[in-house]
Amino acid sequence: MSPQKIIIDTDPGQDDAVAILLALASPEEIEVLGITCVAGNVPLDLTSKNARIVCELAGRPDIKVFAGCDRPLGRDLVTAEHVHGKSGLDGPDLPDPTMPLAEGHAVDFIIETLRAHPAGTVTLCPLGPLTNIATALQKAPDIAEKAAKIVLMGGGYFEGGNITSTAEFNIYVDPQAADIVFKSGIPIVVMPLDVTHKALVTKPRNDAFRALGTQVGTAVAQMTDFFERFDIEKYGSAGAPLHDPCVTAFLINPELFSGRHINVEIETQSELTMGMTVADWWRVTDRPANATFINDLDADGFFTLLTERLARL
Ligand code: RIB
Ligand code: CA
């Protein structure tokens, strides 16, 4: 089977970084057409810098990295330095990028790429707030028919929220954008907190990254060492949840994951529940199914795949 052509839309972020590394380490399954950056974990100037740092860490300065939207559609930007550190990539000491940003806006790259490829051949992989994707859909509604699918990290239902009691960060930052995406008609696979909170970087798993003895393995171990302190303190969990790499791993081996095809809608009115992904898990409404909502994974299989692929870089 030929590799899946994807665009990674991202707000690096340590877990975004690991997702990008996993994609770049898997050329049999994934061809990264480009990386589009969005404001999220940290402001756009840092997410677009961090994405290039990660590409160079992977030995891929050829990857086109575009800067995109620097604020949500209709709300002030909320960032997450408290989780990711001031740089957004705290933990390892990595050099500033030498590769330049690609010319042009990320939204235009998304539109032009989808229009240039046969319908159903390009998958969008958002790992941050959905501002770029929604803006592209607003600017060029025709692309909704062109995208193969969207595989995104965002939302939560039984797990509640991680930035408010009801909302997960990516959706909370730009709920209007999420509403546009979930109503676009594009097939969507959602990796919510319900599954990512089961992908925990326990000490043995982090030791396995470090034991690779490579610059990538050491950097990933240092990233998760930094990133996990928030989750351990908040949830008492056994390690950092690796949210975004669930998206990449799904593309490589979807059998690792399970969930339900259900209706998911976004709260965009109430400030109390703003950004909540209202998942009709028990199908108690007649709202049509619009997303495959993943709630479980083979965690050992996930980490074995991730570690094996990181060893290639
Ligand atoms: O809630 C987790 C998500 O928010 C992840 O994508 C993380 O990188 C942050 O963007
Ligand atoms: Ca992210």
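Residues numbered from 1 in each chain as written. Chains lettered and ligands numbered in written order. Predicted model: local features only at pLDDT ≥ 70, side-chain atom pairs only at ≥ 80, totals over all residues. Heavy atoms only, no water.

Structural notes on helix H1 (residues 14-24)
Summarising burial for H1: eleven of the eleven residues are buried, a large majority. The complete set of buried residues in H1 reads Gln 14, Asp 15, Asp 16, Ala 17, Val 18, Ala 19, Ile 20, Leu 21, Leu 22, Ala 23 and Leu 24. (Buried < 20%, exposed > 50% of the residue type's maximum accessible area, 1.4 Å probe, protein only. Helix = DSSP H or I, 4+ residues; strand = E, 2+ residues; numbered from the N terminus.)

Re the pattern of salt bridges
Going through the model one piece at a time under the given rule, you end up with 15 salt bridges. Taking the shortest distance from any N to any O, the salt bridge between Asp 225 and Arg 210 comes out at 2.5 Å. Of the two residues, Asp 225 is situated in helix H10 (residues 215-235) and Arg 210 in helix H9 (residues 203-211); the sequence distance between them amounts to 15 residues. Given a relative accessible area of 34%, Asp 225 falls into the partly exposed group. The exposure class assigned to Arg 210 is partly exposed, which follows from its relative accessible area of 34%. For Glu 265, the salt bridge identified is with Arg 287, shortest N-O distance 3.8 Å. Here Arg 287 lies in the loop between strand S11 (277-279) and strand S12 (291-297) and Glu 265 lies in strand S10 (residues 264-266), a separation of 22 residues in the sequence. (Salt bridge = Lys/Arg side-chain N within 4 Å of Asp/Glu carboxyl O.)

A few points about the pairing of S12
When strand S6 (residues 188-191) meets S12, the two strands line up parallel, connected through two bridges. Within S12, the position partnered with Val 190 by the bridge is Phe 293. The pairing of strand S9 (residues 257-262) with S12 spans six bridges and is antiparallel. For Arg 260, the partnering residue across the bridge sits in S12 and is Phe 293. (Pairing = 2+ DSSP bridges.)

Remarks on the coordination of the calcium ion (ligand 2)
Distances from the calcium ion (ligand 2) to its protein donors, Asp 11 (OD), Asp 16 (OD), Asp 16 (OD), Leu 127 (O) and Asp 244 (OD), fall within 2.3 to 2.6 Å. Counting residues between consecutive donors of the calcium ion (ligand 2) along the chain gives the motif D-x4-D-x110-L-x116-D. Separated by 116 residues along the polypeptide, Asp 11 in the loop between strand S1 (4-10) and H1 and Leu 127 in the loop between strand S4 (122-126) and helix H5 (131-139) bring together distant segments of the chain. The residues Asp 11 and Leu 127 share a single accessibility class, namely buried. (Donors = N, O, S within 2.8 Å, 3.2 Å for Na, K, Ca; no water.)

Brief notes about the side chain of Thr 224
Turning to its location among the elements, Thr 224 is positioned in helix H10. Its relative accessible area of 1% is what places Thr 224 among the buried residues. A distance of 2.9 Å separates a polar atom in the side chain of Thr 224 from the backbone oxygen of Val 220. Ignoring anything within four residues of it in the chain, the contact list for Thr 224 reads Val 201, Asn 206, Phe 209, Ala 240 and Leu 242. (Polar contact = N/O pair within 3.5 Å; in protein donor to acceptor, adjacent residues only side chain to side chain. Contact = heavy atoms within 4.5 Å.)

Structural notes on a nonpolar patch on the surface
Taken together, Phe 158, Trp 282 and Val 284 make up a surface patch of nonpolar side chains, about 400 Å² in accessible area. Here Val 284 is to be found in the loop between S11 and S12. Residue class for Val 284 comes out exposed when judged on its relative accessible area of 68%. (Patch = residues over 30% accessible without salt bridge, like charges linked within 9 Å, V, L, I, M, F, W, Y side chains within 5 Å. Areas by Shrake-Rupley, 256 points an atom, 1.4 Å probe, with all protein chains shown as cover.)

Notes on the packing of aromatic side chains
Under the defined criterion, the tally for this structure stands at eight aromatic pairs. For the pair Tyr 157 and Phe 158, a centre-to-centre distance of 5.0 Å together with 75° between the ring planes defines the contact as edge-to-face. Since its relative accessible area comes to 28%, Tyr 157 is described here as partly exposed. Here the aromatic cluster, defined as three or more aromatic residues joined through ring pairs, consists of Tyr 157, Phe 158, Trp 281, Trp 282 and Phe 293. (Phe/Tyr/Trp six-rings, centres within 6.5 Å; stacked < 30°, edge-to-face > 60°.)

Digging into the packing of H1 against helix H2 (residues 44-57)
When two helices pack together, their arrangement is given by the angle between the helix axes and the distance between those axes. Direction vectors running N to C along H1 and H2 enclose 40°, while the axes themselves pass 10 Å from each other. In terms of their interaxial angle, H1 and H2 are classed as oblique. When you trace H1 past H2, the crossing you get is right-handed. On H2, the residues that touch Ala 17, Ile 20, Leu 21 and Leu 24 of H1 are Val 54, Cys 55 and Leu 57. (Axes fitted to C-alpha atoms, helices over the stretch in contact; angles between N-to-C directions. Parallel < 35°, antiparallel > 145°, perpendicular 65-115°, else oblique. Left-handed = near helix turned anticlockwise from the far one by under 90°.)

Structural notes on the site of ligand 1
Taken together, 13 residues form the shell around ligand 1, and within it Asp 15, Asn 162, Glu 168, Asn 170 and Asp 244 come nearest. In this structure, Asn 170 approaches ligand 1 through a side-chain N or O atom, which is 2.8 Å from an oxygen atom. Here ligand 1 loses 97% of its free accessible area of 280 Å² to cover by the protein chains. Elements with a minimum of two residues in the shell around ligand 1: H1 and helix H6 (169-173). (Near = heavy atom within 4 Å.)

Things to note about the packing of H9 against helix H12 (residues 299-310)
In contact at an axis separation of 10 Å, H9 and H12 are set at 15° when each is read in the N-to-C sense. With respect to each other, H9 and H12 are oriented roughly parallel. Crossing of H9 over H12 shows right-handed handedness. On H12, the residues that touch Arg 205, Ala 208 and Phe 209 of H9 are Ala 299, Asp 300, Phe 303, Leu 306, Thr 307 and Leu 310.

Looking at the sheet that holds strand S5 (residues 147-153)
If you trace the eight strands from one edge of the open sheet to the other, you get S3-S2-S1-S4-S5-S6-S12-S9, paired in mixed fashion. Because the sheet does not close on itself, it has two edges, and the strands there are strand S3 (65-67) and S9. Going from strand to strand, the sheet's axes swing by 25° on average, the running direction of each strand aside.

Worth remembering: the numbers are spatial, not functional.
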